[in-house]
Amino acid sequence: MKPYQIAMAVALVGAAGLVLFGDSAPSSDIAEPVARGAAANAPTAAPARAGKDAVKPQAEVAILRLRPRAELIGEAGEAAFASGEGVFLGQNWNPPPPPAPPASAVLAAPPPPMAPPLPFAYIGKAVADGAWEVYLARADKTYVVRNQTVIDGTYRVERIAPPLMSVTYLPLNQLQQINIGVFD
């Protein structure tokens, strides 16, 4: 046998010995009945023991009336439990919605459409036949542009005057500028 099994057997034998040979006599203390209501004012029998264990007079206990159900859970009754009202209030952990915009912002017209930023990268410039030409790149394409050149039907070069080149976005007829550097 293992040691813990021996210890368990000894504990079992000890518990069986207490059950068989232990003191099973009732205690000698007698519990006195508690007088309630009108009987509480009547004289009672002297306590079994005098001294510091003497019975102290107790305050009169009153049973309160039942409160109506509507007062406890409201007029809605059982429906209040399903909607999260009444006794078991629901808790909403979501942040509050943002405040409504002022009335003036709601009535204001949306801003006018704007031309997208120029999709071209500046590569360089040169003077050819007395006029400027500018070299632009867009993705894998390279463009050589002069005044009044239309690029892909979307942009038109209006003016080349270093350090700036003016380009018109044709769908919205908006003028944009790109920096091409100073004279070389």
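Residues numbered from 1 in each chain as written. Predicted model: local features only at pLDDT ≥ 70, side-chain atom pairs only at ≥ 80, totals over all residues. Heavy atoms only, no water.

The protein is annotated in an unreviewed UniProt entry as Secretion system X translation initiation factor of Duganella aceris.

A. Region of the structure containing unusual backbone geometry. The linkage connecting P162 with the following residue, P163, adopts the cis geometry, with an omega of 15 degrees. Of note, P163 is situated in the loop between β5 (155-161) and β6 (164-169). At A139, a position not held by glycine, the phi torsion is positive, near 55 degrees. Positionally, A139 belongs in the loop between β2 (131-138) and β3 (141-145). With a phi close to 55 degrees, N173 is a non-glycine residue in the positive phi region. Here N173 falls in the exposed class, since its relative accessible area comes to 59%. (Helix = DSSP H or I, 4+ residues; strand = E, 2+ residues; numbered from the N terminus. Buried < 20%, exposed > 50% of the residue type's maximum accessible area, 1.4 Å probe, protein only.)

B. Spotlight on the pairing of strand β1 (residues 121-128). Pairing of β1 with β2, which is carried by 7 bridges, proceeds in the antiparallel orientation. Across the sheet, residue V127 finds its bridge partner in β2, namely W132. Between β1 and β2, which pair antiparallel in sequence order, lie 2 residues; one of them, D129, sits at a positive phi of approximately 55 degrees. (Pairing = 2+ DSSP bridges.)

C. Fine view of the nonpolar core. Of all hydrophobic cores here, the largest spans 15 residues; its most connected members are V134, L136, V145, I151 and M165. Of all elements in the fold, only β2, β3, β5 and β6 reach the threshold of two or more residues within this core. Beyond its immediate sequence surroundings of up to four residues, V134 is in contact with Y122, G124, K125, Y143, V144, V145, I160, M165 and I180. (Core = buried A, V, L, I, M, F, W, Y, C linked by side-chain atoms within 4.5 Å. Contact = heavy atoms within 4.5 Å.)

D. Quick look at the packing of aromatic side chains. Counted by the stated rule, this structure contains 3 aromatic pairs. Geometrically, the ring pair formed by F120 and Y143 is edge-to-face, given 5.8 Å between the ring centres and 85 degrees between the ring planes. With F120 in the loop between α4 (103-107) and β1 and Y143 in strand β3, this pair connects stretches of sequence that are 23 residues apart. Across the pair, Y143 and F120 agree in class, each one buried. On the basis of relative accessibility, which here comes to 10%, the residue F120 falls in the buried class. Here the aromatic cluster, defined as three or more aromatic residues joined through ring pairs, consists of F120, Y143, Y155 and Y169. (Phe/Tyr/Trp six-rings, centres within 6.5 Å; stacked < 30°, edge-to-face > 60°.)

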